Amino acid sequence: MDNIIIPIKRKEEGWRKKLLANLRQLVLIEKLNNPVGITVLTVLSLLVALGIAKLGLIFGVLCMIVVIALPAVYTIVMYPRIGMVIYLTMAYLIMWFLRLGVNFPLGTLMDGMEGLFILGLLIRQKQKPDWKIFKGPISVWILVWISYNLLEFANPTAESRLAWVYTVRSVAVVMFMYFIFVYNIRTKAYVKLIIKLWLGLAFFGAAYAFKQEHFGFFPFEEAYLHSDPNIALLLFIGGTWRKFSIFSDPVVFSYTMVVSSMLCVGLLTGPLSLKKKLVLYFLIGFFLLNMLYSGTRGADVLPPVCLLLLAILKYNRKVLIMLLVGAGLMATLIFLPTGNQTLGRFQSAFKPSNDASFNVRKINQKRIQPYIWSHPLGGGLGATGEWGQRFAPYSFLASFPPDSGYVRVAVELGSIGLFLFCMLMFTILRVGINNYYSIKDPQLKSFCLAMILIVFAFNIGNYPQEALVQFPSNVYFYLVTALIVVIKRIDDQQNQQLQHGQ
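Here the structure is a predicted model, which means the values were calculated and not measured.

What counts and how
Residues numbered from 1 in each chain as written. Predicted model: local features only at pLDDT ≥ 70, side-chain atom pairs only at ≥ 80, totals over all residues. Heavy atoms only, no water. Helix = DSSP H or I, 4+ residues; strand = E, 2+ residues; numbered from the N terminus. Expected span 1.5 Å × (residues − 1). 1 Å grid on protein atoms, 1.4 Å probe; cavity = no way out; pocket = protein on both sides within 12 Å on 5 of 7 lines; lining within 4 Å. Points joined across faces, edges and corners; volume = space filled by probe spheres on them. Polar contact = N/O pair within 3.5 Å; in protein donor to acceptor, adjacent residues only side chain to side chain. pLDDT = per-residue confidence, 0-100. Contact = heavy atoms within 4.5 Å. Salt bridge = Lys/Arg side-chain N within 4 Å of Asp/Glu carboxyl O. Buried < 20%, exposed > 50% of the residue type's maximum accessible area, 1.4 Å probe, protein only.

Draft legend 1. View of helix H10 (residues 188-215). Over its 28 residues, H10 extends 40 Å from the first C-alpha to the last, a length consistent with the 40 Å expected when each residue adds 1.5 Å. Within two residues after H10, Gly-216 carries a phi angle of roughly 90 degrees, on the positive side.

Right, here's the structure in full:
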């Protein structure tokens, strides 16, 4: 018996030694298992304790931030695919965190992440140059648009340079993420991961709005709604609060729901199991239902317009039947007599001549046209809206409400800027449609169609509202633009592999 037990004990002792060795290697115990290492660790601990004692809890929090920040910086630079997942998630949740009372410059954090992505890209290009990946008309027009926005700093008619500094981040610098996405998204599996992440975040946003509509606001949201009388003027309509979910305002929320539903519509055209199709149909209905709670009439017209484009791009009997059913349902909702405030606001979106706010916008746009024609470079980036009122409150444009992405571009960047912007949007759609018809993989084809519908929705929605300047829309629009290029590249690579395999 002893002859059996002794080998077993020796074997267990061997495993323990190996485990200890691995643990030492993992946490670097072997480097600290000496007088010098223990002394260094002790001194560092004492310094942190002394700092907390003298400077308070803030010093401890800063130490924790350093401990977390350094690995995070390394991850973003060296493992950008992990960093992009974090970045896309933050783009969705950033405004919610701010409303929760997080006292941290999260906008600056997003800018810092963009800078780290660019740094990582430059490091990789230095190690293994591959600039051909960025070739194409979309890249050219994005660089032209970024350059024009940067040159606007020298606009002689601009009232404030500080307004340019604060605005260029959200309208030009974020566009560099297009190149980050194009470079780092390289596989079909990663595209699927991004789509799943998008749908998961959109579902969270929709469920949050559903809670606001049927169970009320959280106390911190009630505090926000009553913190400024102007908020009630914008969000309290007909005795009902417009819902904004986790986003900055109802407009961003509603547009997010629309493009997420169009993502599902595009995916439905691909090869899917019945279970997945049922999930997508549910998500479409849930997204559009919660869109109505936002009370944003500009978003209400987007789904039928996008479905019309779908019928044009993918003309077949199935799509035609779907379009006819959708048109019948839409007509019923538009003309159905109702006393429901949400449905009534939805119906008013299709009767703009009866809408007082729409008529006011038409008057404002007519009033500003002479200024646009006489200022081909515009009044300067950030001349209207919040930054114009803050840095040049005396100017003519500071009090002008653009109420439209296209009008804002025309006013701030002039007729030249409006032309460049329209050419950029036209190029994205043209490349997307060409890629859609040339892609052979049915699943990738459905992905590309979804991206086209999303770009189209953003473009149409950018007229009645500003659709591309706030999180998460400003980030996800350039993600979608990049995916139009990436999906085609992946399909080409698959076709080449098949040819070589044959």
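Draft legend 2. Highlighting empty space enclosed by the protein. Going through the model one piece at a time under the given rule, you end up with seven cavities of 30 Å³ or more. Contributing to the lining of the largest cavity are 19 residues, with Trp-145, Val-171, Val-409, Phe-421 and Val-469 lying nearest its centre. Listed by contribution, the elements that provide at least two residues to the lining of the largest cavity are helix H7 (137-151), helix H8 (161-171) and helix H21 (405-438). When residues of the lining of the largest cavity are assigned to their parent elements, the largest contribution, six residues, is made by H21.

Draft legend 3. Structural view of H21. For H21, with 34 residues, the first-to-last C-alpha span of 32 Å runs short of the 50 Å given by 1.5 Å per residue. Where H21 begins, the capping side chain belongs to Ser-404, and its oxygen is found 3.3 Å from the backbone nitrogen of Tyr-406.

Draft legend 4. Broad picture of the confidence of the model for the protein chain. Per-residue confidence for the protein chain averages 84 on the pLDDT scale, and 81% of its residues sit at or above 70. Confidence drops under a pLDDT of 50 for residues 1-9, and excluding neighbours within four residues, the segment shows one contact in the predicted structure.

Draft legend 5. Region of the structure containing unusual backbone geometry. A cis amide bond, omega 0 degrees, links Phe-471 with the succeeding residue Pro-472. Mapped onto the secondary structure, Pro-472 falls in the loop between helix H22 (442-461) and helix H23 (473-501). One non-glycine residue, Asp-403, lies in the positive phi region at around 55 degrees.

Draft legend 6. Expanded view of the pattern of salt bridges. Throughout the structure, instances matching the rule amount to six salt bridges. Ionic pairing is found between Asp-441 and Lys-188, a salt bridge with its closest N-O pair at 3.0 Å. A residue pair is termed long-range when its members are at least 10 positions apart, and Asp-441 in the loop between H21 and H22 and Lys-188 in helix H10 qualify at 253 residues. Between Arg-408 and Glu-412 there is a salt bridge; the shortest N-O distance is 2.8 Å. Of the two residues, Arg-408 and Glu-412 are both situated in helix H21; the distance of four residues between them amounts to about one turn of the helix. Residues Arg-408 and Glu-412 agree in their burial class; the two are buried. One network of salt bridges, with partners in common, ties together Arg-408, Glu-412 and Glu-466.

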